[in-house]
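Understanding the architecture of this molecule
For reference, the chains in residue letters:
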Amino acid sequence: MPPKSVPWARGFKPPTQKQSQDAIKLHPTKSDSLEPALIPDKEFFGPLPKPESIDDWLAQYVEEGQTLSEFLSQTPWLSSRARKGTAQQGFVPGGQFVTDKYPNHKIYLVQLGTFPEHTPKAETLREYVEAFWQIPCVLLPPIQLESSDSQNQMEWRGSG
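Here the structure is a predicted model, which means the values were calculated and not measured.

Considering the overall build of the protein chain
Assigned secondary structure in the protein chain consists of 6 helices and 4 strands. Each helix and strand of the protein chain, ordered N terminal to C terminal, gives the series α-α-α-α-α-β-α-β-β-β. The burial tally for the protein chain puts 20% of its 160 residues in the buried class. Sequence separation of at least 24 residues holds for 51% of the intrachain contacts in the protein chain that already meet a minimum separation of 6.

Some remarks on helix α6 (residues 122-133)
Spanning 12 residues, α6 covers 16 Å between terminal C-alpha atoms, matching the ideal 16 Å at 1.5 Å per step. Just beyond α6, the residue with positive phi is Q134, at close to 55 degrees.

Focus: a nonpolar patch on the surface
Residues Y108, V110, L112 and L140 make up a contiguous nonpolar surface patch of about 360 Å² in total accessible area. Residue classification places V110 among the partly exposed positions, given a relative accessible area of 37%.

Some details on the environment of A122
Take A122: it is sitting in helix α6. The residues contacting A122, other than those within four sequence positions of it, are Q111 and L139.

A closer look at the pattern of salt bridges
Applying the stated criterion across every chain yields a total of 4 salt bridges. Between K18 and D22 there is a salt bridge; the shortest N-O distance is 2.9 Å. Placement of the pair is K18 and D22 together in helix α1 (residues 17-23), with a separation of 4 residues, close to one helical turn. Notably, a salt bridge pairs R126 with E130, separated by 3.0 Å at the nearest N-O pair. On the criterion of helical spacing, the pair formed by R126 and E130 is a turn pair, its members being 4 residues apart in helix α6. Residue E130 is classed as partly exposed on the basis of its relative accessible area, which comes to 29%. Through salt bridges that share partners, E123, R126 and E130 make up one connected network.

Points about the packing of aromatic side chains
Counting across every chain of the model gives 4 aromatic pairs. Where Y128 meets F132, the ring centres are 5.9 Å apart and the plane angle is 25 degrees; that geometry is what we call stacked. A residue pair is termed a helical-turn pair when its members lie 3 or 4 positions apart in one helix, as Y128 and F132 do in helix α6 at 4 residues. A single burial state applies to Y128 and to F132, both of which are exposed. Taking 5.1 Å as the distance between ring centres and 80 degrees as the angle between the ring planes, the aromatic pair formed by F132 and W133 counts as edge-to-face. Among the aromatic side chains, those forming a connected cluster through ring pairs are Y128, F132 and W133.

Overview of the environment of T16
On the secondary structure map, T16 appears in the segment before α1. Residue class for T16 comes out partly exposed when judged on its relative accessible area of 43%. Linking T16 and P47, residues 31 residues apart in sequence, is a C-alpha distance of 8.0 Å.

Points about the environment of W133
For W133, the position within the fold is in helix α6. Taking the C-alpha atoms as reference points, W133 and T99, 34 residues apart in sequence, are found 7.9 Å from one another. Ignoring any residue separated from it by four or fewer positions in sequence, one finds W133 in contact with T99 and I107.

About the thresholds
Residues numbered from 1 in each chain as written. Predicted model: local features only at pLDDT ≥ 70, side-chain atom pairs only at ≥ 80, totals over all residues. Heavy atoms only, no water. Helix = DSSP H or I, 4+ residues; strand = E, 2+ residues; numbered from the N terminus. Buried < 20%, exposed > 50% of the residue type's maximum accessible area, 1.4 Å probe, protein only. Contact = heavy atoms within 4.5 Å. Expected span 1.5 Å × (residues − 1). Patch = residues over 30% accessible without salt bridge, like charges linked within 9 Å, V, L, I, M, F, W, Y side chains within 5 Å. Areas by Shrake-Rupley, 256 points an atom, 1.4 Å probe, with all protein chains shown as cover. Salt bridge = Lys/Arg side-chain N within 4 Å of Asp/Glu carboxyl O. Phe/Tyr/Trp six-rings, centres within 6.5 Å; stacked < 30°, edge-to-face > 60°.

In short, the description is geometric, and any link to function would need to be established separately.
In structure tokens:
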């Protein structure tokens, strides 16, 4: 049985097949510099699925379409262009990997709520993330969450 769907946000119109196909087209010179995994293939760009939950993004918000070229031009870690606001972050447009493009960046981890005793410690996770991504990783103070109602929804409490 297919998943239950909910309506799109009022005013949202899913793209037509032609609009979707046009959106994945790249300017030939741009696709030459992309890694093969990032070159679009029509086989993997099917119709936009309907939301399955009232909490899905497109059940709540009307989004304007975006082409793949527009996305790449606004995504500095995939683009060779520096974007507004990246100067203070040390963006290096010629870098091949994220660590080359952002040599001064850090990854920040924060624990939300309490974890069972048998889960890895936050420091162990920090060490793993730092080793895997080869980017400094910083642990921020944990944030405690408390159940706020009978539906067991969590909300932030305190100064963390």
